[in-house]
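The residues making up each chain are set out below.
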Amino acid sequence: PAMLGILGGGQLGRMFAVAAKTMGYRVTVLDPDENAPAAAFADRHIRAPYNDPAALRELAQSCAAVTTEFENVNADAMRELAKTTRVSPSGDCVAIAQDRIVEKSWINKAGLPTAPYLAIESVEDIQVDLAPYLPGILKTARLGYDGKGQVRVKTAAEARAAYANLGGQACVLEKMLDLKLEVSAIVTRVSAAQSAVFPVAENIHKDGILDESIVPARIDPALAAQAQSMAKKLADALDYVGVLAVEFFVLADDSLVVNEIAPRPHNSGHYTLTACLTDQFQQQVRAMCGLLPGRTDLLSPVVMVNLLGDVWKEGGGEPNWDVLVEAPNAQLHLYGKKTARPGRKMGHFNVMAATADDALEQARALKDTL
Ligand code: ATP
Ligand code: MG
Ligand code: MG
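The rules behind each value
- Residues numbered from 1 in each chain as written.
- Chains lettered and ligands numbered in written order.
- Predicted model: local features only at pLDDT ≥ 70, side-chain atom pairs only at ≥ 80, totals over all residues.
- Heavy atoms only, no water.
- Near = heavy atom within 4 Å.
- Polar contact = N/O pair within 3.5 Å; in protein donor to acceptor, adjacent residues only side chain to side chain.
- Areas by Shrake-Rupley, 256 points an atom, 1.4 Å probe, with all protein chains shown as cover.
- Helix = DSSP H or I, 4+ residues; strand = E, 2+ residues; numbered from the N terminus.
- Nonpolar A, V, L, I, M, F, W, Y, C, P; charged D, E, K, R; others polar.
- Domains from an automatic or database assignment.
- Donors = N, O, S within 2.8 Å, 3.2 Å for Na, K, Ca; no water.
- Phe/Tyr/Trp six-rings, centres within 6.5 Å; stacked < 30°, edge-to-face > 60°.
- Buried < 20%, exposed > 50% of the residue type's maximum accessible area, 1.4 Å probe, protein only.
- Lys NZ or Arg CZ within 6 Å of the ring centre and 35° of its normal.
- Contact = heavy atoms within 4.5 Å.

*Asks:* So what exactly am I meant to see when it comes to the site of ligand 1 here?
*Replies:* In the vicinity of ligand 1 there are 20 residues, among which Arg100, Lys139, Asp146, Gly147 and Glu182 approach most closely. Within the contact set of ligand 1, a nitrogen atom lies 2.9 Å away from a side-chain nitrogen or oxygen of Glu174. One of the side-chain nitrogen or oxygen atoms of Glu260 is found 2.9 Å away from an oxygen atom of ligand 1. For ligand 1, whose free accessible area comes to 610 Å², the fraction covered by protein is 90%. Of all the secondary structure elements, the ones that give two or more residues to the shell around ligand 1 are β7 (136–140), β8 (150–153), β9 (171–175), β10 (179–191), β14 (242–251) and β15 (256–262). Across the shell around ligand 1, the residue classes break down as six nonpolar, five polar and nine charged. A domain-level breakdown of the shell around ligand 1 finds at least three residues from each of domain 2 (116–175) and domain 3 (179–368).

*Asks:* What exactly am I supposed to notice about the coordination of the magnesium ion (ligand 3) here?
*Replies:* For a metal bound by four donors in a tetrahedral arrangement, the ideal donor-metal-donor angle is 109.5 degrees, while six donors in an octahedral arrangement ideally sit at 90 or 180 degrees. Within the protein, the magnesium ion (ligand 3) binds to Glu247 (OE), Glu247 (OE) and Glu260 (OE); these donor distances fall in the range 2.0 to 2.7 Å. Between the magnesium ion (ligand 3) and the magnesium ion (ligand 2), a spacing of 3.8 Å is present, and a bridge between the two is formed by Glu260. One end of the pair, Glu247, is in strand β14; the other, Glu260, is in strand β15, and 13 residues separate them in sequence.

*Asks:* Explain the packing of aromatic side chains here, please?
*Replies:* The full count for this structure, using the stated rule, is two aromatic pairs. With 4.7 Å between their ring centres and 65° between their planes, Tyr50 and Phe70 make a pair best called edge-to-face. Of the two residues, Tyr50 is situated in the loop between β3 (44–46) and α2 (53–62) and Phe70 in the loop between β4 (65–68) and α3 (75–81); the sequence distance between them amounts to 20 residues. Ring plane angle 70° and centroid distance 5.5 Å describe the contact between Trp312 and Trp321, whose orientation is recorded as edge-to-face. Residues Trp312 and Trp321 agree in their burial class; the two are buried. Sitting over the face of the ring of Trp106, Lys109 holds its NZ or CZ atom 4.3 Å from the ring centroid.

*Asks:* Just to check I follow, could you spell out the side chain of Gln283 for this structure?
*Replies:* As for its position among the elements, Gln283 is in helix α9 (residues 280–288). Every residue in contact with Gln283, bar those within four places of it in the chain, is listed here: Thr188, Ala196, Phe198, Val243, Thr278, Pro293, Gly294 and Thr296.

*Asks:* Help me understand unusual backbone geometry, please; the structure alone is not making it clear to me.
*Replies:* Going from Ser88 to Pro89, the amide bond is cis rather than trans, its omega being -5°. Tracing the sequence through the fold places Pro89 in the loop between β5 (86–87) and α4 (91–97). That bond from Val215 to Pro216 is cis: its omega, 0°, falls within 30 degrees of zero. Here Pro216 shows up in the loop between β13 (209–215) and α7 (221–237). Despite not being glycine, Asp207 has its phi angle at roughly 50°, a positive value. Tracing the backbone through its elements, the reader meets Asp207 in the loop between β12 (201–206) and β13. The exposure class of Asp207 is exposed, given its relative accessible area of 73%. Its identity is not glycine, yet Asp254 carries a phi of approximately 65°, on the positive side. On the accessibility criterion, Asp254 (38% relative accessible area) is partly exposed.

Remember, this is a structural readout, not a statement about activity or role.
In structure tokens form, the structure reads like this:
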């Protein structure tokens, strides 16, 4: 069987490895951490930094196709790999997703709205009238996730102080919008003619981290269809190959604003592991191999709940899973991480029920038993 490679061995790499192995491929993971969650399911683990030239050469020469599970450091690595093997998504698309300034300008260029924002590449850029962006959120252009690298600011003085505090690195100042809801749409695109969008998820965040995804999203189906077509439009504009997640804000007037994109399967798509014939990691395998996307229709309303290290006991003891594991309509998924820390994603569970509201009620009751 063909060998598939993945840059990064976290939980997304692990779920990719399971999908690829199940579909009959072999898997090589490149990750410096000996305890990388994906390593347990991979045929081969190259333990090296993501940008290590020798490791990248080895990966490129031994794999029929390579993908990535994160966007924070590896656009150049993807470009390097592309000289030797099939790579998706492209290094150019990864580069767009790893810089909020470039990302937002691409979203606008594709004809889609973002929150009003100011790109701040140097201290002069923040000397303008900031009123259109206040109250706002100052976000570092690079390396932020789970709400890290973000400061909420009310006044121009606060914004300038926060920028200085972040060490003068490139940032965006984004107007704080009044959100009715947040939703996401995940598109798998193989070519201009072949793409498929998963059902739209409604996402509830806690402390800047995804907490629950509810599917179908409790919005007008026409609005959900609009989010799906916006995600597809963006993938087309980028000539994207692979799985692309698009996060949206729903505003009070039911309009959609794109928040950000991720060039990979997304936490808000973990419901597909239980509630779709093809899950988002199988789609990633299909896209990188040039196979057609699989079916994306929803088999049942579903709710996903993230399990953060916070629910582990003081000293690292696991919660008691008994009630959750025994629930016939729940599916527990642990990532095999050795140490739990507050805010660290350790696993998730999905609950299926007749309606999204029923699934949410049951999911919350199950979480309370932990
Ligand atoms: P992720 O882990 O999804 O990559 P991130 O660190 O890149 O997160 P964002 O998605 O930019 O962060 O923001 C995190 C959350 O903060 C959003 O999901 C939303 O709840 C809130 N938020 C961000 N920007 C805005 C905004 N302009 N107006 C209102 N709320 C916002
Ligand atoms: Mg992000
Ligand atoms: Mg986000």
